[in-house]
Amino acid sequence: MALKGNLRDFTITQLLNLVNLAQKTGSLIIEGPSETATITFREGKLAYAQVNTEDGGLGAILHKSNVISTAQYGTLKARAASMNDKELGLLLINSGYVSQEDILASLQTHFVDIIQRLFSWVEGIFHFDNDILVPGDKIPVKLDLENIIIEGSRRLREWEQLKDELPNLELALKFTDRPGVNLKNINLSVEEWKVVSFINPKNTIGAIAKANKMSELDIRRIVYGLLQAGLVELIRPEGVEQTLPGIDKAMPGKNKEEQKNLVNRLIGRIRSL
Amino acid sequence: MQTVKMVVTGPFNSGKTEFIQTVSEIDVVSTERKVSSEAEKIKESTTVAMDFGRITVDDELVLYLFGTPGQKRFDFMWEILSEGMLGFIVMVDSTRPETFKEARAILETFRAYAPTPYVVAANKQDMEDAWEIDDMRIALRLDPDVKLLPAVAVDRESVKSVLLELLGTILTEL
């Protein structure tokens, strides 16, 4: 029977566990709401991973891992655009820019990062294709899935906790009024600064995540940290209907005076109880 | 005859059913079942669909009070119950800090369903181990302008006071 289904019924953890136990070879293709991930396995071990919205080329991966500089990456893109990953890897090793270990470590980190991100996907469909193997021009790795599954499960728990703490991404953020606290004196990470730079009563948390290309897990983790530190507070976004549509819905067809009169009658009755 | 409704929500065993029973002029139509989960066996029975109480204002106006089921697995009922509500009360058990986080999440959920006025009632304030209101405000991460009211769900005056505070908030926001 074909291995396919919905992430709501079968989690990423369960899928990886199945691939691991069954020693499967092939590719797991997961179509999420905005991107598609392809994870390739060889005899139950992780061999390759790719997300369709990202540059999965070796140059981009080495740059992301800070193994090559931005200038070197720019040169590679200009001069070695026609090379595939294997050719590029050999060129870089032979030129003495990087070692084989650098390349394998960067690829492993990149592939594991992709899988870890998948743990926060709750919507999406998946299928396993036995015939899709690692593309011939790509460099495969060989990673045991056990540690990835354990780390993923830990992240899943964190994800569930963060969702409980911060269930609504349609709210906006504003800085708390804390005289004496200067944001410049607080040590924030690059990712936190990215979020802070978008804080504005008009921007919802979801919009900030989108602008920074952050997953829901990442944005929730950062906003939760900022909330706990007392730097920001949650507010309803500006521009959202300020009158309360719920009240009008509760008292349809009544103007403001009639609504007030009705509430005053309720107050009178409750007082007399 | 016009009817309006208010919703009483909050975590499991926070006192929603008692709150409605205390002021309802009819016996509360309560759909309770024996608690099946070991973890939730703090009380014998729990609300699985909704509680329903009534206060007749006059010949033309009736106020209905709806209590939501507290257990998370019945949260699909919340959106249905929140439809067209005048306002809502979030009940929190002051003696069980382990439920504060859930209370906060329920509050956020209801605010998302309908941005109607609400108050938070810190129930069981007559108990010796009840948290102080100021401490609860911090733990629940409530803005200073959100009303957090001391309450005892089995005390009629206390319940009236919570309802009047909510109606006062509604009046202010009209």
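Residues numbered from 1 in each chain as written. Chains lettered and ligands numbered in written order. Predicted model: local features only at pLDDT ≥ 70, side-chain atom pairs only at ≥ 80, totals over all residues. Heavy atoms only, no water.

(A) Main features of the interface of chain A and chain B. In this complex, chain A contributes 33 residues to the contact, which on the side of chain B involves 38 residues. Across the chain A to chain B interface the summed buried area is about 3,300 Å²; carbon plus sulfur atoms make up 65%. Counting every contact that joins chain A to chain B gives two salt bridges. Among the salt bridges present, the one from A:R269 reaches B:E25, with a minimum N-O distance of 3.8 Å. At the boundary of chain A and chain B, one finds four residue pairs in polar contact (both at pLDDT 80 or more). Contributions of two or more residues to the side of chain A that touches chain B are made by α6 (146–165), α9 (216–228), β7 (232–235), α10 (245–250) and α11 (256–272) of chain A. Element by element, the count of residues in the side of chain A that touches chain B is highest for α11(A), at twelve residues. Split into classes, the residues belonging to the side of chain A that touches chain B amount to 16 nonpolar, six polar and eleven charged. (Contact = heavy atoms within 4.5 Å. Buried area = accessible area lost by both parts, 1.4 Å probe. Salt bridge = Lys/Arg side-chain N within 4 Å of Asp/Glu carboxyl O. Polar contact = N/O pair within 3.5 Å; in protein donor to acceptor, adjacent residues only side chain to side chain. Helix = DSSP H or I, 4+ residues; strand = E, 2+ residues; numbered from the N terminus. Nonpolar A, V, L, I, M, F, W, Y, C, P; charged D, E, K, R; others polar.)

(B) Structural context of the packing of helix α5 (residues 100–118) of chain A against α6(A). Residues and elements named next belong to chain A. At a minimum axis separation of 9 Å, α5 and α6 run at an interaxial angle of 40 degrees. Regarding the angle of α5 to α6, the classification is oblique. Where α5 crosses over α6, the two elements pack in a sense that is right-handed. Together, V112, I115 and Q116 of α5 and I148, E151, G152 and R155 of α6 make up the contact between the two elements. (Axes fitted to C-alpha atoms, helices over the stretch in contact; angles between N-to-C directions. Parallel < 35°, antiparallel > 145°, perpendicular 65-115°, else oblique. Left-handed = near helix turned anticlockwise from the far one by under 90°.)

(C) Highlighting the pattern of salt bridges. All names here are of chain A. One pass over the full model with this rule turns up 18 salt bridges over all chains. In this structure, D144 and K45 form a salt bridge, with 2.5 Å as the shortest nitrogen-oxygen distance. Placement of D144 in the loop between β5 (125–129) and α6 and of K45 in strand β4 (residues 45–51) is noted, with a sequence separation of 99 residues between them. By relative accessible area, which is 43% here, D144 ends up partly exposed. Across the pair R155 and E151 runs a salt bridge whose closest N-O atoms are separated by 3.6 Å. Here R155 pairs with E151, and both are found in helix α6, just four residues apart, close to one helical turn. What you see here is one network of salt bridges that share partners, running through E35, E54 and R117. (Buried < 20%, exposed > 50% of the residue type's maximum accessible area, 1.4 Å probe, protein only.)

(D) View of the sheet that holds β4(A). Residues and elements named next belong to chain A. If you walk across this open sheet you meet the five strands as β1-β5-β2-β3-β4, and the pairing is antiparallel. This sheet does not close on itself; its edge strands, each paired only once, are β1 (4–6) and β4. Sheet twist, expressed as the mean angle between neighbouring strand axes with direction ignored, is 15 degrees. Relative to β5, β1 runs antiparallel, the two sharing three bridges. In the sheet register, G5 faces β5, and the bridge partner there is F126. Docked against the sheet, α5 engages β2 (26–31), β3 (36–42) and β4, running at close to 75 degrees with respect to β4. (Pairing = 2+ DSSP bridges.)

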